[in-house]
Amino acid sequence: MSNKLEPEPISVEHTPQSHPYEKLSPDLVMDAVEACGFLTDARILALNSYENRVYQVGIEGSSPIIAKFYRPERWTRDQIIEEHEFSQALKDLEISVVPPTPNDDGETLREFAGFNFALYLRQGGHAPNLDDFDALLSLGRTLGRIHALGKAKLFDYRPSISVQTFARESYEYLLQNNFIPSALHEAYRTLGADLINRCDSIFSRVKYTPIRLHGDCHPGNILWRDEVPHFVDFDDARNGPAIQDLWMLLSGEREQQTAQLAEVLEGYQEFCDFDFAELALIEALRTLRIMHYSAWLARRWTDPAFPKHFPWFNSERYWAGHILELREQLAALQEPPLVIF
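Note that this is a predicted model, so its numbers are computed, not measured.

Novice: Before we go on, may I ask you to explain the overall build of the protein in this structure?
Specialist: Within the protein one finds nine helices and nine strands. Relative to the globule expectation of 20 Å for 341 residues, the C-alpha radius of gyration of the protein, 21 Å, shows essentially globular dimensions. If you line up the protein on its principal axes, its C-alpha atoms span 55 × 55 × 35 Å. Here the protein holds 341 residues, and 49% of them are scored as buried. When contacts within the protein are restricted to residue pairs at least 6 apart in sequence, those whose partners lie at least 24 apart make up 74%. Surface exposure of the protein reaches about 16400 Å², of which carbon and sulfur atoms provide 49%. Between the averaged position of the 32 positive side-chain charges in the protein and that of its 51 negative side-chain charges there is a distance of 2 Å.

Novice: How should the side chain of H230 be read in this particular structure?
Specialist: Mapped onto the elements, H230 comes out in strand 8 (residues 228-231). Look at H230 and you get buried, because its relative accessible area is 15%. With sequence-adjacent residues up to four places away left out, H230 is seen in contact with S96, Q123, N221, I222, L223 and R225.

Novice: What exactly am I supposed to notice about the pairing of strand 5 (residues 115-121) here?
Specialist: Strand residues, when the strand is regular, have side chains that alternate between the two faces of the sheet. Burial runs high along strand 5: five of the seven residues are buried. Sheet analysis places strand 3 (residues 62-69) next to strand 5, joined by five bridges and oriented antiparallel. Across the sheet, A67 pairs through a bridge with L119, a residue of strand 5. Relative to strand 5, strand 4 (residues 110-112) is paired through three bridges, and the arrangement is antiparallel. Across the sheet, the residue bridging to R110 is F117, located in strand 5. As consecutive antiparallel partners, strand 4 and strand 5 are separated by two residues, and within that stretch A113 has a phi angle of approximately 50°, a positive value.

Novice: Please clarify how the pairing of strand 7 (residues 222-225) should be interpreted in this entry.
Specialist: Two strands pair when backbone bridges link them, and strand 7 and strand 8 are joined in this way by four bridges, in the antiparallel orientation. Of the residues in strand 8, the one forming a bridge with R225 is V228. Once strand 7 ends, the chain turns through two residues before running back antiparallel as strand 8, passing D226 with a positive phi of about 55°.

Novice: Would you take a moment to explain the pattern of salt bridges for this structure?
Specialist: Tallying each qualifying case throughout the model produces 18 salt bridges. Here R71 and D303 are joined by a salt bridge, their closest N and O atoms 2.7 Å apart. A residue pair is termed long-range when its members are at least 10 positions apart, and R71 in the loop between strand 3 and helix 2 (77-92) and D303 in the loop between helix 7 (282-299) and helix 8 (305-309) qualify at 232 residues. The two residues R71 and D303 agree in class, both being buried. D235 serves as the salt-bridge partner of R74, at 2.3 Å between the closest nitrogen and oxygen. Placement of R74 in the loop between strand 3 and helix 2 and of D235 in the loop between strand 8 and strand 9 (238-240) is noted, with a sequence separation of 161 residues between them. Assessed through its relative accessible area of 2%, D235 is described here as buried.

Novice: Please clarify how helix 7 should be interpreted in this entry.
Specialist: Between its terminal C-alpha atoms helix 7 stretches 25 Å, which fits the 26 Å expected from 18 residues at 1.5 Å a residue. For helix 7, a buried count of 13 out of 18 residues is recorded, marking the element as mostly surrounded by other parts of the structure.

Novice: When you look at a negative patch on the surface in this model, what are you seeing that I'm missing?
Specialist: A cluster of like negative charges, contributed by D131, D132, D134, D226 and E227, occupies part of the molecular surface. Its location among the elements puts D132 in the loop between strand 5 and helix 3 (133-150). Accessibility expressed as a relative area gives 31% for D132, which makes it partly exposed.

Novice: It is not clear to me how the sheet that holds strand 5 should be interpreted in this structure. Could you clarify?
Specialist: Backbone-to-backbone hydrogen bonds pair the strands of a sheet. The strands run either parallel or antiparallel. Spatially, five strands are ordered 1-2-3-5-4 in an open sheet, and the strand pairing comes out antiparallel. Strands with a single pairing partner mark the edges of an open sheet, and in this sheet they are strand 1 (40-46) and strand 4. When the angles between neighbouring strand axes are averaged without regard to direction, this sheet yields 35°. Bridge analysis of strand 1 against strand 2 (residues 53-59) gives four bridges, and the strand direction is antiparallel. Counted as the bridge partner of A46 is Y55 from strand 2. Strand contacts of helix 1 (residues 26-34): strand 1, strand 2, strand 3, strand 4 and strand 5, with the helix running at about 125° to strand 1, the strand carrying the most contacts.

Novice: Would you mind showing me how to read the environment of I65 here?
Specialist: Along the chain, I65 falls in strand 3. Separated by 255 residues in sequence, I65 and A320 have C-alpha atoms that sit 42 Å apart. I65 has contacts with V33, F38, Y55, Q56, V57, I59, L119 and Y120, leaving out every residue within four places of it along the chain.

Cut-offs used in this document
Residues numbered from 1 in each chain as written. Predicted model: local features only at pLDDT ≥ 70, side-chain atom pairs only at ≥ 80, totals over all residues. Heavy atoms only, no water. Helix = DSSP H or I, 4+ residues; strand = E, 2+ residues; numbered from the N terminus. Rg over C-alpha atoms; globule rule 2.2 N^0.38 Å. Buried < 20%, exposed > 50% of the residue type's maximum accessible area, 1.4 Å probe, protein only. Contact = heavy atoms within 4.5 Å. Areas by Shrake-Rupley, 256 points an atom, 1.4 Å probe, with all protein chains shown as cover. Lys, Arg positive; Asp, Glu negative; His and termini not counted. Charge placed at Lys NZ, Arg CZ, Asp CG, Glu CD. Pairing = 2+ DSSP bridges. Salt bridge = Lys/Arg side-chain N within 4 Å of Asp/Glu carboxyl O. Expected span 1.5 Å × (residues − 1). Patch = residues over 30% accessible without salt bridge, like charges linked within 9 Å, V, L, I, M, F, W, Y side chains within 5 Å. Axes fitted to C-alpha atoms, helices over the stretch in contact; angles between N-to-C directions.

Have a look at this one:
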């Protein structure tokens with residue numbers, strides 16, 4: 001959904017309240033980093049992250065480091081450590097990922113003033129050019145290597161992608177907490193139920209073997225530098241179908257997406273087998289992401305950063321556009337899946 005929509009605020013009961021991140025001041029961030037043995041130079045830059053809080057912190061006589069403060073009560077310690085272990089295992093295989101840096105005891109999850117946080121080396125780069133077929137081939141090769149390790153075992157503590165958690169629970173949360181404008185309530189209720197039923201049907205028909213995934217593999221989480229893709233931010237890592245990490249690299253009309261996917265899979269299959277039956281999951285996974293995104297914004301609305309950076313959300317115009325997008329998804333779910341020859 002475009003953030004160019006003009007805000008027309010509704011649902012006034014959903015107003016920002018006190019939030020734990022309000023305590024996360026620049027001084028606290030620098031104190032946390034210095035408690036890890038670094039001497040900061042008082043330069044701190046908030047990076048573009050909303051689910052967690054991520055900062056670039058200047059270090060005296062050295063390169064800046066990245067400090068990531070996890071959203072309280074989102075993940076358990078076991079779930080966070082499992083993410084860290086996965087990214088480090090990938091790094092050990094010389095795959096281009098950015099794992100957290102350990103302390104002298106080998107621990108990557110740190111704690112300060114009630115916040116769990118991790119430190120990372122700074123990785124420069126820009127989003128990959130997805131119109132460049134050589135770049136797509138390279139991305140496919142790297143994802144194939146990531147998934148080859150991901151197949152070795154499943155996450156024990158992290159959740160799996162499912163219609164229940166991404167679509168049904170999102171749908172129920174929005175309806176039960178009165179985020180949908182009354183004039184659009186019935187349209188959303190019936191359309192959402194239909195989409196969930198269709199996604200349930202698709203997932204029941206496509207039998208896939210889940211693997212450990214990056215989970216949120218959009219171009220913003222890939223930093224391209226020196227002709228190498230560096231994968232960052234494994235915060236949404238979970239179990240699921242391999243296609244979840246591939247479909248967000250596709251754009252344009254069907255013919256263009258088919259050509260892009262063919263290039264990605266050519267590189268992917270050099271390192272990992274791919275079950276082509278999973279192509280039938282692409283539009284269902286896209287539907288789950290769209291429904292989950294709106295509920296994610298709603299669930300985070302008491303975080304002061306969200307009304308500030310997403311002023312177009314929670315307006316009647318937003319929900320009208322969201323329903324239109326869901327109607328387009330309903331049509332897409334009835335189209336035949338992409339086919340690679």
